[in-house]
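Below are the chains, spelled out letter by letter.
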Amino acid sequence: MEINLQAYDERRREILDRLSRIPGRVDSIRLYLKNIEAVKRFSCATWTSRQDVIAAVSSGENTGFAECILSVNCPEASLEPWRTAVSCLLGLDAGRAALENRRHQGEWPEQLVEMMEIALVDLCGKLQGVPSNHLLGLQESKAVCGVHVILSDQMDEVAESAQWARQEGKAAYIKVKLFGDTRLDCEVIRTVRRYCSPEETFLIGDVNCGYRPDARAGVSLEWIARQLDQLREAGLDACEDPAFLEIPEWVELQKRVAPLQLIPDYPMRGSRDSIKRICRGMGGIYNIHPDSAGSIIDAVILAGRIRELGAGLMVGDDSLVGPSASIWQQLASGLGARWVEATEKRRESDFYYRCVNDLATDSTHNPIFIQWKKGFVINLDEARLAREVDSTVEVKR
């Protein structure tokens, strides 16, 4: 185990060394806050709004972009604490700023560190005139399938969304939110299957640990397995985070419920720590989750560990609507992911699309093909973006 981790540490050092040599001083950082009002129902909570942040980091005429979620259900959230934090990156060369940003892992919110790293890696690629995936050591460039996500416990909404996905050619992978209520969950699954057959749709369910919300719930592994058997019989192919499980329980549950494939998500967060915990047999597919990975560099290293364990991998989502959706699509391609959940959203991404000058991906089509150019290819009209969002802050030299 130690030998393997040492090899992964060496790969991380190679990426960081490559970045550290890229010149171009950071002279301005802008943060744009957009309050997105949209109801999303989970087994653990209901979102009525989320506060989306787009970062722009400039060096001369080049700008790197990224995005993350600042908060949920807090429309009064302020950008000031983050503006103060990121000011320490000003004046550093872009590659050195990426290293300085990593020094704040465990101090700053994980999603802030991740967002700033993405923007800086985008900027480094543009400064060097190469795809940012190449700076991360990723050479694979196949198209990747986006997954259509249905977040509802209302059967008419589930039916409408499933039919839309099929009509728009987005039904190859569909993910439904499940709620830890076996009867309701089976109804959701059967509703999707009414329109999308097993031959054309790989159906994923995400329970957000609904069948055992925490370690003190007193729910047996045998009972959880029986619930998952019912979900599989209803038409489910894979189940993400069915319950709160210790690592050995993941392995045992996967044995019991096969051929249903388990997808560990929460044990994979953040990438720099989970690489030390995960093991073979926890599931058929492992999830790398945007905004919780903590670093795209660490996510790349974690993906290597997942492949060594003999599992497939997917890229998840944190309800992203802007630049980081396209960036994670590019990363999913480079990592050889089976699918990517981080795609732009119907209606919710409209404000962002109005600001796009150039984009490497088009998630309205499936699979998603990528135009490999310099950086992550994000080019936004920031004057228009400033008018579209709710607030903006800037720090500059």
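Residues numbered from 1 in each chain as written. Predicted model: local features only at pLDDT ≥ 70, side-chain atom pairs only at ≥ 80, totals over all residues. Heavy atoms only, no water.

What follows deals with the packing of aromatic side chains. Evaluated as defined, the whole model comprises seven aromatic pairs. With a centroid separation of 5.0 Å and an interplanar angle of 35°, the aromatic rings of Tyr173 and Trp339 are classed as tilted. In this pair, Tyr173 sits in strand β6 (residues 173–177) while Trp339 sits in strand β12 (residues 339–340), placing the two residues 166 residues apart along the sequence. Accessibility assignment for this pair places Tyr173 and Trp339 in one class, buried. Plain terms: the ring middles of Phe202 and Trp339 are 5.7 Å apart, the flat faces sit at 45° to each other, and that makes the pair tilted. Here the residue Phe202 occupies a position in strand β7 (residues 202–206), and Trp339 occupies one in strand β12, the gap between them amounting to 137 residues. Accessibility expressed as a relative area gives 16% for Phe202, which makes it buried. Owing to a relative accessible area of 1%, Trp339 belongs among the buried residues under this scheme. Each member of the aromatic cluster is reached from another via a ring pair, and the members are Tyr173, Phe202 and Trp339. Of note, Arg338 hangs over the ring of Phe202, and the distance from its end group to the ring centre comes to 4.9 Å. (Phe/Tyr/Trp six-rings, centres within 6.5 Å; stacked < 30°, edge-to-face > 60°. Helix = DSSP H or I, 4+ residues; strand = E, 2+ residues; numbered from the N terminus. Buried < 20%, exposed > 50% of the residue type's maximum accessible area, 1.4 Å probe, protein only. Lys NZ or Arg CZ within 6 Å of the ring centre and 35° of its normal.)

What follows is about the packing of helix α8 (residues 221–234) against helix α9 (residues 247–257). One can describe the packing of α8 onto α9 by two numbers: an axis separation of 10 Å at closest approach and a directional angle of 45°. The angle between α8 and α9 places the two elements in the oblique class. Crossing of α8 against α9: the hand is right-handed. Packed against α8, whose contacting residues are Leu221, Glu222, Ile224, Ala225, Leu228, Asp229 and Arg232, the element α9 presents Glu249, Glu252, Leu253, Arg256 and Val257 at the interface. Broken down by class, the residue content of the contact of α8 with α9 amounts to six nonpolar, no polar and six charged. (Axes fitted to C-alpha atoms, helices over the stretch in contact; angles between N-to-C directions. Parallel < 35°, antiparallel > 145°, perpendicular 65-115°, else oblique. Left-handed = near helix turned anticlockwise from the far one by under 90°. Contact = heavy atoms within 4.5 Å. Nonpolar A, V, L, I, M, F, W, Y, C, P; charged D, E, K, R; others polar.)

Further remarks concern the nonpolar core. In terms of nonpolar packing, the biggest core is built from 124 residues, with Ile29, Met115, Leu136 and Trp328 touching the most fellow members. The element contributing the most residues to this core is helix α4 (residues 110–128), with ten residues. Not counting chain neighbours up to four residues away, the residues in contact with Leu136 comprise Ile15, Arg18, Val121, Ile296, Ile297, Val300, Leu331 and Phe376. Judged by nonpolar contacts, the second largest core, of ten residues, contains Val147, Ile263, Ile285 and Met314. (Core = buried A, V, L, I, M, F, W, Y, C linked by side-chain atoms within 4.5 Å.)

Before going further, it helps to examine the pattern of salt bridges. Tallying each qualifying case throughout the model produces 29 salt bridges. For the salt bridge of Lys175 with Asp206, the shortest nitrogen-to-oxygen distance reads 3.3 Å. Of this pair, Lys175 sits in strand β6 while Asp206 sits in strand β7, placing them 31 residues apart in sequence. This pair shows no difference in class: Lys175 is buried, exactly as Asp206 is. Taking the shortest distance from any N to any O, the salt bridge between Asp265 and Arg269 comes out at 2.8 Å. Through salt bridges that share partners, Asp9, Arg12, Arg102, Glu117 and Asp298 make up one connected network. (Salt bridge = Lys/Arg side-chain N within 4 Å of Asp/Glu carboxyl O.)

All right, on to unusual backbone geometry then. Cis peptide bonds are those with omega within 30 degrees of zero, and the linkage from Arg269 to Gly270 qualifies with -25°. Mapped onto the secondary structure, Gly270 falls in the loop between β9 (261–263) and α10 (271–274). Of the consecutive residues Asn366 and Pro367, the connecting peptide bond is found in the cis state with omega at 0°. Looking at the secondary structure, you find Pro367 in the loop between β13 (356–358) and β14 (379–380). For Asn208, which is not glycine, the phi torsion reads 50° and is therefore positive. A relative accessible area of 22% places Asn208 in the partly exposed class. Residues other than glycine seldom take positive phi values, yet Asp291 does so here, at roughly 75°. Looking at where Asp291 falls in the secondary structure, it is placed in the loop between β10 (285–288) and α11 (296–308). A residue is classified by how much of its surface remains accessible, and Asp291, at 7% relative accessible area, is buried.

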